[in-house]
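Residues per chain are reported as follows:
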Amino acid sequence: MKNLRTIAPLALLSFALGGCGTIEQRYEQFNMTFFVTSTGSGNGADYGGLAGADSRCQGLATAVGSGHRTWRAYLSASPSRASPTHNARDRIGRGPWQNAKGVVIARSLEELHGNNNLNKQTALTEKGQILNGTGDTPNMHDILTGSRPDGTAYTGDTDRTCGNWTKSGEGAAMLGHHDRRSIFGDDESARSWNSSHPSRGCSQDNLRSTGGAGLLYCFATN
């Protein structure tokens with residue numbers, strides 16, 4: 001049994017957060033520092049740029065009681081006349097990060113981009129739910145990243161960010177597999193959470209065609 005020293009802070013926190021769910025569930029979400037968005041933009045890869053993607057992460061986190069943290073989307077952006085290069089790994093803080101159930105995903109940037117604990121069972125939504133993956137209908141394991149395996153942006157003329165997250169038509173985005181699996185095999189790219197393959201386009205239908213829904217990885221920077 002929990003002693004009064006544990007129960008009192010949890011009860012106060014539950015009262016402050018409001019909403020449904022057990023005290024423990026709300027407490028875990030309050031301490032959440034990583035999630036996969038439960039919904040996309042509704043407009044393919046067009047989030048209105050990095051700021052719009054960050055706002056989506058912040059809004060979803062706030063809805064479940066984690067708005068006290070600063071949230072960023074794990075997205076890279078290519079250099080342009082209006083903006084320098086943005087590397088996904090440089091936008092998300094230093095860690096550690098844990099999901100809505102309190103399970104640690106990675107303790108540092110190095111672990112996140114190395115031997116992390118991210119898979120279908122741990123890459124939960126902000127609501128603590130498991131997302132569909134390989135073998136499920138519909139498959140939703142493609143997550144937008146625009147990044148290389150080390151979390152840096154692509155350079156050169158090849159766009160892997162759907163116009164820095166402003167396009168919902170032609171173009172392509174680099175995708176990762178949140179379940180670390182693929183129907184085509186179990187090679188290195190299939191197991192990549194952040195750099196598995198490019199999309200066939202930037203629209204909602206394009207993203208859906210390869211097993212995605214325009215979802216994001218969100219990380220708390222503090």
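None of the values given here were measured: they were computed from a predicted structure.

### Quick notes on the overall build of the chain
Broken down by element type, the chain carries 6 helices and 8 strands. For the chain, the proportion of its 222 residues judged to be buried stands at 49%. Just so you have it, the chain exposes about 10,500 Å², and 51% of that area is on carbon and sulfur atoms.

### Description of the pattern of salt bridges
What the rule picks out here adds up to 6 salt bridges. Residues Arg94 and Glu110 are paired through a salt bridge, measuring 3.7 Å at the closest nitrogen-oxygen approach. One end of the pair, Arg94, is in the loop between strand S2 (71-73) and strand S3 (97-98); the other, Glu110, is in helix H4 (residues 109-112), with 16 residues separating them in the sequence.

### Focus: unusual backbone geometry
Following Gly95, the chain continues into Pro96 via a peptide bond in cis, with omega recorded as 0 degrees. With respect to the element layout, Pro96 can be found in the loop between S2 and S3. Omega for the peptide link from Thr137 to Pro138 comes to -5 degrees, which places this bond in the cis form. With respect to the helices and strands, the residue Pro138 is situated in the loop between H4 and strand S5 (142-144). Even without glycine at this site, Trp165 takes up a positive phi of about 65 degrees. Tracing the backbone through its elements, the reader meets Trp165 in helix H5 (residues 162-165). On the accessibility criterion, Trp165 (0% relative accessible area) is buried. The backbone of Arg180 shows a phi angle near 60 degrees, a positive value even though the residue is not glycine.

### A word on the nonpolar core
One finds Phe35, Ala45, Trp71, Leu75, Leu144, Trp165 and Leu216 to be the most contacted residues of the largest nonpolar core, which totals 25 residues. When residues of this core are traced back to their parent elements, those giving at least two are helix H3 (50-63), S2, H5 and strand S8 (212-220). The element that contributes the greatest number of residues to this core is H3, accounting for 5 residues. When near neighbours in sequence (up to four residues on either side) are disregarded, Trp71 contacts Met32, Thr33, Phe34, Phe35, Asp54, Cys57, Gln58, Ala61, Ser66, Cys218, Phe219 and Ala220. Counting residues in each nonpolar core, the second largest holds 20 residues, with Ala106, Leu112, Ile143 and Ala213 among its members.

### Quick word on the state of the cysteines
For the structure on display, the rule yields 2 disulfides. For Cys57, the disulfide goes to Cys218, at an S-S distance of 2.0 Å. Measuring the twist about the S-S bond at about -75 degrees, one finds the Cys57-Cys218 disulfide to be left-handed. Taken together, the positions of Cys57 in helix H3 and Cys218 in strand S8 put the pair 161 residues apart, joining distant regions of the chain.

### Quick notes on the packing of aromatic side chains
Considering all chains together, one arrives at 8 aromatic pairs under this definition. With a centroid separation of 5.2 Å and 80 degrees between ring planes, the pair formed by Trp97 and Phe219 is classed as edge-to-face. Linking Trp97 in strand S3 with Phe219 in strand S8, this pair joins segments that are 122 residues apart in sequence. Like Phe219, Trp97 is buried. Members of the aromatic cluster, connected to one another through ring pairs, are Phe34, Tyr74, Trp97, Trp193, Tyr217 and Phe219.

### Structural notes on the side chain of Thr145
As for its placement among the helices and strands, Thr145 is situated in the loop between S5 and H5. When its relative accessible area of 0% is taken as the criterion, Thr145 is described as buried. Reaching out from Thr145, the side chain makes a polar contact with the backbone oxygen of Asn194 at a distance of 2.6 Å. Once you skip the residues sitting within four places of it in the chain, Thr145 turns out to touch Tyr74, Leu75, Ser76, Trp165, Met174, Leu175, Gly176, Asn194 and Tyr217.

### Considerations on the pairing of S8
In terms of residue burial, S8 counts as a mostly covered element, since 9 of its 9 residues are buried. Going residue by residue along S8, you find Gly212, Gly214, Leu216, Cys218 and Ala220 tucked away on one face and Ala213, Leu215, Tyr217 and Phe219 tucked away on the opposite face as well. Here strand S1 (residues 34-36) runs beside S8; their pairing, made up of 3 bridges, is antiparallel. Bridge pairing links Phe34 to Phe219 in S8. Two elements, S2 and S8, share 3 bridges in a ladder whose sense is antiparallel. Counted as the bridge partner of Arg72 is Phe219 from S8. Note that S5 and S8 share 3 bridges and pair parallel. By the bridge assignment, Leu144 is partnered in S8 with Leu216.

Each value, and the rule that gives it
Residues numbered from 1 in each chain as written. Predicted model: local features only at pLDDT ≥ 70, side-chain atom pairs only at ≥ 80, totals over all residues. Heavy atoms only, no water. Helix = DSSP H or I, 4+ residues; strand = E, 2+ residues; numbered from the N terminus. Buried < 20%, exposed > 50% of the residue type's maximum accessible area, 1.4 Å probe, protein only. Areas by Shrake-Rupley, 256 points an atom, 1.4 Å probe, with all protein chains shown as cover. Salt bridge = Lys/Arg side-chain N within 4 Å of Asp/Glu carboxyl O. Core = buried A, V, L, I, M, F, W, Y, C linked by side-chain atoms within 4.5 Å. Contact = heavy atoms within 4.5 Å. Disulfide = S-S within 2.5 Å. Phe/Tyr/Trp six-rings, centres within 6.5 Å; stacked < 30°, edge-to-face > 60°. Polar contact = N/O pair within 3.5 Å; in protein donor to acceptor, adjacent residues only side chain to side chain. Pairing = 2+ DSSP bridges.

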